[in-house]
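# Results of the structural survey
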Amino acid sequence: MPAPQDGPLLDDAAGRLIRPYTVSNGRTRPTTVLDLLSLVMATGSEPQVHLGPEHTVALELCGAPTSVAEVAAHLRLPAVVTKVLLSDLVDCGAVTAHAPAFHDMPTDRSLLEAVLDGLRRQL
């Protein structure tokens, strides 16, 4: 979590107090290939480099296997910024990342049509 002198990262009325891309120092490309469904998990080793408050929060969220999309939602950051933060954590050995497991199961067309029908009814 951020130190008290850092102040809050979010304000209820104003929203995020700093621009999302400032969190990643303007970087838009992670060094590790991550999918939104990739699972990330803390290794238990402490990062030896100074990381920002968002890195710390992301690391805390990775106590159990968590998807990149879920971490992004909790941080309230765009997925690409979250991927940069998580790749920083992978690079310093604090987090491991695993690609999502896809099964070779054929897609059930009737299920997809039912989902589509339900979505149409909502609109």
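Please read these numbers as outputs of a predicted model, since none were measured by experiment.

Take the overall build of the chain next. Looking only at helices and strands, one finds five helices and five strands in the chain. Its helices and strands in sequence order give the chain the pattern β-β-α-β-α-β-α-α-β-α, from N to C terminus. Going through the 123 residues of the chain one by one, you find that 27% of them count as buried. Taking contacts inside the chain between residues at least 6 apart in sequence as the whole, the part at least 24 apart equals 72%.

Take the nonpolar core next. Burial of nonpolar side chains together is a common tendency in soluble globular proteins. Counting residues in hydrophobic clusters, the biggest one holds 18 residues, and the most contacted among them are V40, V71, L75, L86, L89 and V95. Those elements that place two or more of their residues in this core are helix 2 (53–61), helix 3 (68–75) and helix 4 (79–91). Top element by residues in this core is helix 4. It accounts for four residues. Excluding residues that lie within four positions of it along the chain, V40 makes contacts with C62, A64, P65, T66, V68, V71, L86, V95, T96 and A97.

Attention shifts here to the environment of A97. By secondary structure assignment, the location of A97 is in strand 5 (residues 95–98). Once residues lying within four places of it in the same chain are set aside, the contact partners of A97 are L34, L39, V40 and V90.

Taken together, the side chains of L111, V115 and L119 present a nonpolar region at the surface, about 280 Å² in accessible area. By secondary structure assignment, the location of L111 is in helix 5 (residues 109–122). Overall, the relative accessible area of 51% leaves L111 in the exposed class.

What follows is about the sheet that holds strand 3 (residues 39–42). Strand order in the open sheet formed by three strands is 4-3-5, and the pairing between neighbours is antiparallel. Pairing within the sheet leaves two strands with one partner each, and these edge strands are strand 4 (66–67) and strand 5. As paired elements, strand 3 and strand 4 share two bridges and run antiparallel to each other. In the sheet register, L39 faces strand 4, and the bridge partner there is S67.

Averaged over the chain, the pLDDT score is 81; the fraction of residues at 70 or greater is 77%. Confidence, read as mean pLDDT per element, is least for strand 2 (residues 15–16) in the chain (50) and greatest for strand 3 (96). Low pLDDT (under 50) marks residues 1–8, which in the prediction has seven contacts with non-local residues, meaning those over four places away or in another chain.

The rules behind the values
- Residues numbered from 1 in each chain as written.
- Predicted model: local features only at pLDDT ≥ 70, side-chain atom pairs only at ≥ 80, totals over all residues.
- Heavy atoms only, no water.
- Helix = DSSP H or I, 4+ residues; strand = E, 2+ residues; numbered from the N terminus.
- Buried < 20%, exposed > 50% of the residue type's maximum accessible area, 1.4 Å probe, protein only.
- Contact = heavy atoms within 4.5 Å.
- Core = buried A, V, L, I, M, F, W, Y, C linked by side-chain atoms within 4.5 Å.
- Patch = residues over 30% accessible without salt bridge, like charges linked within 9 Å, V, L, I, M, F, W, Y side chains within 5 Å.
- Areas by Shrake-Rupley, 256 points an atom, 1.4 Å probe, with all protein chains shown as cover.
- Salt bridge = Lys/Arg side-chain N within 4 Å of Asp/Glu carboxyl O.
- Pairing = 2+ DSSP bridges.
- pLDDT = per-residue confidence, 0-100.

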